[in-house]
Amino acid sequence: MNENGTLHESNGRYALRFERTFLHNPEDVFDVITNASYFSQWYPFATGEMDVRLGGHIAFDDGEGTTYKGTITKLEKPYLFGFREVDDLINISLQEEDKGCRMIFTHTFNDDSWAVNTAAGWHRCLDVLVQIVNGEPIKWSDNSAKLRDIYSKAFNREH
């Protein structure tokens with residue numbers, strides 16, 4: 001399976017879409033995704049403060065003095081988790097498959113000038129999420145430049 005993200009345009013907005021496959025059932029993967037301490041290990045700027053309910057908040061801190069809250073917009077255990085982070089939407093859906101589940105991660109945003117860097121960043125974050133779900137030690141690969149090259153070619157953009 002190709003783990004690279006794809007870029008889509010819809011109604012003047014853009015969406016990055018990634019897929020990952022797990023040898024775990026949706027319930028187990030959903031529990032990891034919605035666990036605040038795990039979430040803060042793979043999701044950028046997450047602080048570990050998360051009120052997991054529809055309309056609940058997720059706290060973020062960019063490390064440069066800006067704090068903000070995301071709002072949970074979709075929550076259907078164990079298949080759907082979505083939230084709004086400022087003007088961006090994040091949707092994570094899980095679909096049962098023969099030996100586990102498929103996760104579809106979609107980030108919808110307005111400014112496509114950041115698409116290459118954002119795709120490279122999500123690719124790395126989702127690699128770490130896979131490690132967490134699989135119970136492996138977290139290892140951030142030093143592959144940002146390589147991923148930016150891959151995505152700038154895939155999206156036909158400079159980075």
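Everything numeric here is computed off the predicted structure, so don't read it as measured data.

Asker: Give a detailed account of the overall build of the chain, specifying residues and quantitative values.
Answerer: Along the backbone of the chain there are four helices and eight strands. Reading the helices (α) and strands (β) of the chain from amino to carboxyl end gives β-β-α-α-β-β-β-β-β-β-α-α. Here the chain holds 159 residues, and 43% of them are scored as buried. Put simply, the chain shows about 8,600 Å² of open surface, and 46% of that area lies on carbon and sulfur atoms. Taking the 16 positively charged and 25 negatively charged side chains of the chain as two groups, their mean positions are separated by 3 Å.

Asker: Which residues make up the pattern of salt bridges, and what values do they have?
Answerer: Applying the stated criterion across every chain yields a total of seven salt bridges. Note that Glu-19 and Arg-102 form a salt bridge whose closest N and O atoms lie 2.5 Å from each other. Taken together, the positions of Glu-19 in strand β2 (residues 13-22) and Arg-102 in strand β8 (residues 100-109) put the pair 83 residues apart, joining distant regions of the chain. Of the charged contacts in the structure, one is a salt bridge between Glu-97 and Arg-102, with a shortest N-O distance of 2.7 Å.

Asker: Please set out the nonpolar core residue by residue, giving values where relevant.
Answerer: Among the nonpolar cores identified, the biggest contains 41 residues, and Phe-39, Trp-42 and Phe-81 are the most heavily contacted of them. Among the elements that take part in this core, helix α3 (residues 115-133) stands out by supplying 12 residues, more than any other. Setting aside chain neighbours within four positions, we find Phe-81 in contact with Phe-30, Ile-33, Thr-34, Phe-39, Met-50, Ile-58, Ile-72, Lys-74, Leu-75, Ile-90, Asn-91 and Ile-92.

Asker: Go over unusual backbone geometry, please, and point to the residues and values.
Answerer: Excluding glycine, a negative phi dihedral is what most residues carry, and trans is how most peptide bonds are arranged. The amide bond that connects Lys-77 to the next residue, Pro-78, takes the cis arrangement and shows omega of 0°. If you trace the backbone, Pro-78 turns up in the loop between β5 (67-76) and β6 (80-85). Positioned with a positive phi, Phe-45 is a non-glycine residue whose angle comes to about 70°. Locating Phe-45 in the fold gives a position in the loop between α2 (36-42) and β3 (46-50). Of note in this structure, Val-86 is not a glycine but carries a positive phi near 55°. Residue classification places Val-86 among the exposed residues on the basis of a relative accessible area of 55%.

Rules used throughout
- Residues numbered from 1 in each chain as written.
- Predicted model: local features only at pLDDT ≥ 70, side-chain atom pairs only at ≥ 80, totals over all residues.
- Heavy atoms only, no water.
- Helix = DSSP H or I, 4+ residues; strand = E, 2+ residues; numbered from the N terminus.
- Buried < 20%, exposed > 50% of the residue type's maximum accessible area, 1.4 Å probe, protein only.
- Areas by Shrake-Rupley, 256 points an atom, 1.4 Å probe, with all protein chains shown as cover.
- Lys, Arg positive; Asp, Glu negative; His and termini not counted.
- Charge placed at Lys NZ, Arg CZ, Asp CG, Glu CD.
- Salt bridge = Lys/Arg side-chain N within 4 Å of Asp/Glu carboxyl O.
- Core = buried A, V, L, I, M, F, W, Y, C linked by side-chain atoms within 4.5 Å.
- Contact = heavy atoms within 4.5 Å.

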